[in-house]
Amino acid sequence: MLESYTLKLPKAVYAGKGAMSKLEGVLKEAGATKVALFTDKSIYELGLADGAVEIIKSLGLGVEVCSDLAIEPTYAEVQKTVDWFCESGCDFILAIGGGSVMDASKLVSVLATSEYSVHDLLGDPSLARKQVKTVMVPTTAGTGAEATPNAIVAVPEDELKVGIVSDEMVADVVILEADMIKNLPRSIAAATGLDALCHAIECFTSNKANPMSDTFALEALDLILNNIERACDDPEAMDAKRAMQLASFYAGIAITASGTTAVHALSYPLGGRFHVAHGVSNAILLMPVMHYNEPACRELFAKAYDRCMPGDAATVEEKSAALLERMDEIVKHLDMPENLAALGVEDVDIDSLVASGMEVTRLLVNNMREVTPEAAKAIYEQII
Ligand SMILES: NC(=O)c1ccc[n+]([C@@H]2O[C@H](COP(=O)([O-])OP(=O)(O)OC[C@H]3O[C@@H](n4cnc5c(N)ncnc54)[C@H](O)[C@@H]3O)[C@@H](O)[C@H]2O)c1
Ligand SMILES: [Zn+2]
């Protein structure tokens, strides 16, 4: 547990009924004249950006829609989006999308300058200075990227995904609009919801955990453990979907105040080299890592059980086991792949996965039980 801690948050968060309509006031207050609306192809084709475009036009402002942002972008793809923005004449950024769109948009907000490139930020994120104000509207629930100072990019030459972290990238405004996640396909709702579950439990059991991150991590965990299946299974269950939207935002705040651990660290090579979707690789790694961590995290798992799913378990051991069983039940229920075989990963890849995973020291240092190369190898072996 950290002894001193800081929490830097967006200046305003609008949630609940009619949240998207708040965009009008946000744009007026910011004095925006031409808005860059970032989204991806699927989201644009689903019409999820239409309402925002209407609001912008009704104010008489200019708008340029960039609707082809890459999914889980490489840093070079992000640089292309930066170049597009610099040519566009826009002075405000509105991101409508999942973590991929939000991360790229957050990077553009600090990269709209000729002083440094995205590649420079990989080496030294402290160079980042906010150039353009941002509004984040998440369409998954989710990464929590709307809350965090992080942006994750793939670095193909290192076969890794790398987190660029700077307080300058924290969104100015967040809009949690339930309509955005209403029709999320089940597989996407499941993978992104499990990512939020990982954020919550990892941040709660992180060496960087502290009273502020615990508050948000436990509330997120409670909401997720009690809503995720219904949110994914029942198209009409808007209460459960809203709970997941809040949970993913809270889990993002937990990341900001604490940090994720070995699930995310070992997941990055799977995204970077094999292009396994972020939520899917985390879902596959979640239980092997939780079982590995159990001896070091038992008391905390028991505390989470008491907070989120109080029942008949009496001892710390029983409570910890019950929490892990519940998480396992969720992963299985949501039909996540049980291993990496179908995703093109083979035994011969393990050594290079271990080597890449061990490079993610930023997150491995947060893990309460030390992850040695031998331990990482044993974890990967379980999921091949
Ligand atoms: N910045 C952070 O703090 C943070 C935290 C976790 C993950 N990430 C990063 O975020 C990325 C993953 O983001 P994600 O999991 O939100 O998914 P995503 O943004 O990559 O989107 C996944 C798929 O879902 C589709 N989609 C999104 N919203 C939809 C909707 N409402 N309806 C239908 N389809 C929709 C997209 O078009 C895409 O095909 C990864 O690069 C990951 O590393 C960032
Ligand atoms: Zn994540």
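Only a predicted model underlies this, so the values are computations on that prediction, with no experimental measurement involved. (Residues numbered from 1 in each chain as written. Chains lettered and ligands numbered in written order. Predicted model: local features only at pLDDT ≥ 70, side-chain atom pairs only at ≥ 80, totals over all residues. Heavy atoms only, no water.)

What about the sheet that holds strand β5 (residues 134-138)?
Here comes step 1: An order of β1-β8-β5-β4-β2-β3 is seen for the six strands of this open sheet, with the pairing classed as parallel. At either end of the open sheet lies a strand with only one pairing partner, and these are β1 (12-15) and β3 (62-66). This sheet shows a mean twist of 15° between the axes of neighbouring strands, independent of strand direction.
Here comes step 2: When β1 meets strand β8 (residues 173-176), the two strands line up parallel, connected through four bridges. (Pairing = 2+ DSSP bridges. Helix = DSSP H or I, 4+ residues; strand = E, 2+ residues; numbered from the N terminus. Axes fitted to C-alpha atoms, helices over the stretch in contact; angles between N-to-C directions.)

Regarding the environment of Pro125
Here comes step 1: Looking at the secondary structure, you find Pro125 in the loop between α6 (118-123) and β5.
Here comes step 2: Between the C-alpha atom of Pro125 and that of Ile164, which follows or precedes it by 39 residues, the distance is 6.1 Å.
Here comes step 3: Residues contacting Pro125, with those up to four places away along its chain left out, are Ile164, Val165 and Ser166. (Contact = heavy atoms within 4.5 Å.)

Section: the UniProt feature "domain: Alcohol dehydrogenase iron-type/glycerol dehydrogenase GldA" (unreviewed entry) in the protein chain
Here comes step 1: Within the UniProt annotation, "domain: Alcohol dehydrogenase iron-type/glycerol dehydrogenase GldA" (unreviewed entry) is assigned to residues 10-177.
Here comes step 2: Between the end C-alpha atoms of residues 10-177 the distance is 16 Å, and the span holds 33% helix and 24% strand. (UniProt positions renumbered as here; feature names shortened; annotations may be inferred.)

Observations concerning the site of ligand 1
Here comes step 1: The environment of ligand 1 is made up of 28 residues, and the closest members are Gly99, Ser100, Asp103, Thr140 and Thr148.
Here comes step 2: The separation between an oxygen atom of ligand 1 and a polar side-chain atom of His278 is 3.5 Å.
Here comes step 3: The fraction of the free accessible surface of ligand 1 (860 Å²) that becomes covered by protein chains is 91%.
Here comes step 4: Of all the secondary-structure elements, those providing two or more residues to the shell around ligand 1 are α2 (41-45), α5 (99-111), β6 (150-155) and α7 (186-204).
Here comes step 5: The two domains that each donate at least three residues to the shell around ligand 1 are domain 1 (12-180) and domain 2 (186-383). (Near = heavy atom within 4 Å. Polar contact = N/O pair within 3.5 Å; in protein donor to acceptor, adjacent residues only side chain to side chain. Areas by Shrake-Rupley, 256 points an atom, 1.4 Å probe, with all protein chains shown as cover. Domains from an automatic or database assignment.)

Description of empty space enclosed by the protein
Here comes step 1: For the coordinates displayed, the defined rule picks out one cavity of 30 Å³ or more.
Here comes step 2: The volume enclosed by the largest cavity comes to roughly 80 Å³.
Here comes step 3: The wall of the largest cavity is formed by Ala141, Ile181, Leu184, Ala189, Gly193, Ile228, Ala231, Cys232, Lys241 and Met244.
Here comes step 4: Within the lining of the largest cavity, the residues separate by chemical class into eight nonpolar, one polar and one charged. (1 Å grid on protein atoms, 1.4 Å probe; cavity = no way out; pocket = protein on both sides within 12 Å on 5 of 7 lines; lining within 4 Å. Points joined across faces, edges and corners; volume = space filled by probe spheres on them. Nonpolar A, V, L, I, M, F, W, Y, C, P; charged D, E, K, R; others polar.)

Concerning the state of the cysteines
Here comes step 1: Scanning the model with the defined rule gives zero disulfides in all.
Here comes step 2: This cysteine, Cys297, is not joined by any disulfide, and Cys203 carries the nearest cysteine sulfur, 12 Å off.
Here comes step 3: By relative accessible area, Cys297 is classed as buried at 1%.
Here comes step 4: Not engaged in a disulfide, the cysteine Cys308 finds its nearest cysteine sulfur in Cys203; these two sulfurs lie 14 Å apart. (Disulfide = S-S within 2.5 Å. Buried < 20%, exposed > 50% of the residue type's maximum accessible area, 1.4 Å probe, protein only.)

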